[in-house]
Amino acid sequence: MRRTALAALCIAAAATAGLTGCQPGQDKADSSASSASAEPGRSAAKKEPFAGLTGAEIADRATNATTGASSLRVKGAIPDDESGGTISLDVLVNKKGECAGTIGMGGHGKADLIKTGDIVYMKFDEALLREQSEGESKADTEAAVAMLAGKWTKTKATGADAKEFEGFCDLGAVLDGAEDSNSDASRGSTTTVDGAPAITLHEKDGKDRYTLYVATEGKPYLLRIDSTAGADQGSVTFSDFDEPVPAGKPAGEVLDLDALGG
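Procedures and definitions
Residues numbered from 1 in each chain as written. Predicted model: local features only at pLDDT ≥ 70, side-chain atom pairs only at ≥ 80, totals over all residues. Heavy atoms only, no water. Helix = DSSP H or I, 4+ residues; strand = E, 2+ residues; numbered from the N terminus. Buried < 20%, exposed > 50% of the residue type's maximum accessible area, 1.4 Å probe, protein only. Contact = heavy atoms within 4.5 Å. Areas by Shrake-Rupley, 256 points an atom, 1.4 Å probe, with all protein chains shown as cover. pLDDT = per-residue confidence, 0-100. Salt bridge = Lys/Arg side-chain N within 4 Å of Asp/Glu carboxyl O. Phe/Tyr/Trp six-rings, centres within 6.5 Å; stacked < 30°, edge-to-face > 60°. Lys, Arg positive; Asp, Glu negative; His and termini not counted. Polar contact = N/O pair within 3.5 Å; in protein donor to acceptor, adjacent residues only side chain to side chain. Pairing = 2+ DSSP bridges.

Draft legend 1. Spatial organisation of the overall build of the chain. The secondary structure content of the chain amounts to six helices and twelve strands. Sorting the 262 residues of the chain into buried and exposed places 50% on the buried side. Restricting to contacts in the chain with at least 6 residues of sequence separation, those with at least 24 account for 61%. Summing over all exposed atoms, the chain offers an accessible surface of approximately 11,700 Å²; the carbon and sulfur share of this is 49%.

Draft legend 2. Spotlight on the confidence of the model for the chain. The share of residues in the chain with pLDDT of 70 or more is 73%, and the mean pLDDT across the chain is 76. Low pLDDT, under 50, characterises residues 1-45; the predicted model gives this stretch 156 contacts beyond four residues in sequence or across chains.

Draft legend 3. Region of the structure containing the pattern of salt bridges. A full pass over the atoms with the stated rule returns nine salt bridges. The partner of lysine 123 in a salt bridge is aspartate 112, and the shortest N-O contact between them spans 3.9 Å. Here lysine 123, found in strand β5 (residues 119-124), pairs with aspartate 112, found in strand β4 (residues 110-116); they are eleven residues apart in sequence, far enough to count as distant. The salt bridge partner of aspartate 226 is arginine 224, with a shortest N-O separation of 2.6 Å. According to the relative accessible area criterion, aspartate 226 is buried, its value standing at 10%. By relative accessible area, which is 13% here, arginine 224 ends up buried.

Draft legend 4. Examining the environment of leucine 148 more closely. Tracing the chain through its elements places leucine 148 in helix α4 (residues 138-148). On the basis of relative accessibility, which here comes to 11%, the residue leucine 148 falls in the buried class. Considered as a pair, leucine 148 and leucine 257 are 109 residues apart in the sequence and their alpha carbons are 10.0 Å apart. Dropping the residues within four chain positions of it, leucine 148 is found in contact with Phe124, Leu129, Thr153, Leu255 and Leu257.

Draft legend 5. Molecular detail of the packing of aromatic side chains. Here the structure, examined in full by the defined rule, presents one aromatic pair. Ring geometry for tyrosine 221 versus phenylalanine 241: centroids 4.0 Å apart, planes at 10 degrees, classification stacked. A residue pair is termed long-range when its members are at least 10 positions apart, and tyrosine 221 in the loop between β9 (208-215) and β10 (222-229) and phenylalanine 241 in the loop between β11 (234-239) and β12 (254-256) qualify at 20 residues. The exposure class of phenylalanine 241 is buried, given its relative accessible area of 3%.

Draft legend 6. Summary view of the side chain of glutamate 203. When you line up the elements, glutamate 203 lands in strand β8 (residues 196-205). Buried charge glutamate 203 goes without a salt bridge, the closest partner of opposite sign being arginine 209 at 8.8 Å. Separated by 3.1 Å, the side chain of glutamate 203 and the backbone nitrogen of alanine 185 make a polar contact.

Draft legend 7. A look at the pairing of strand β7 (residues 186-193). Pairing of β7 with β8 involves six bridges; the strand directions are antiparallel. Considered in β8, the bridge of arginine 187 is made with leucine 201. Taking the residues that link successive antiparallel strands as the turn, the β7-β8 hairpin has two residues, and the phi of aspartate 194 there is positive, at about 50 degrees.

See the structure below:
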């Protein structure tokens with residue numbers, strides 16, 4: 001499942017690139033913001049939010065708020081150059097290195113993921129297993145599907161495949177570089193993200209262009225990043241700040257991949 005792991009990390013890297021280039025912060029609009037979508041044209045507040053502050057100063061406040069969160073949900077969709085499809089993810093991650101959520105390969109299936117302590121649990125659906133087995137013999141593919149499809153597996157986090165998820169399941173790694181504040185973000189209009197009042201900021205970094213959505217009520221978390229030009233175009237949203245990560249061992253039978261491999 002190496003390509004799936006790398007694709008997930010690519011999305012996390014895209015989010016981090018936005019944070020590093022734009023110096024934003026993350027969001028905690030409300031727990032429903034995990035499926036955030038911007039609604040331009042709606043007024044976010046009766047008075048001007050962040051009155052007197054420049055875009056860069058708002059971005060700095062967002063950075064401080066976001067990096068101070070103990071956990072957050074990352075959700076987004078990014079084009080995948082290798083497959084020509086779209087990689088999607090919806091994962092809650094914390095600073096303890098725990099995570100729980102789902103990673104999808106466009107129309108090629110999905111995998112559920114849980115990491116707790118030094119163990120990574122994964123559950124692949126049939127479509128993803130078949131896509132990942134491309135080039136293998138029919139017998140090997142059918143054997144993999146029969147053994148793994150829809151079943152929870154576990155492996156040490158230091159294993160070859162599981163280790164590739166480690167950076168993504170560590171909130172510190174996902175937000176790495178966000179504290180480096182050197183933003184030239186410009187203020188945009190007010191709007192909402194899943195009903196949460198927000199202000200937009202516009203940032204450019206070389207050929208890359210970003211629109212950031214920063215919460216105007218409560219802590220100034222970053223609610224969403226849209227990469228609109230340059231590499232890795234797509235959207236990533238942030239929500240569920242400081243919420244507990246349901247990173248316990250899955251119920252029922254769990255297949256030990258390390259024991260099989262040994």
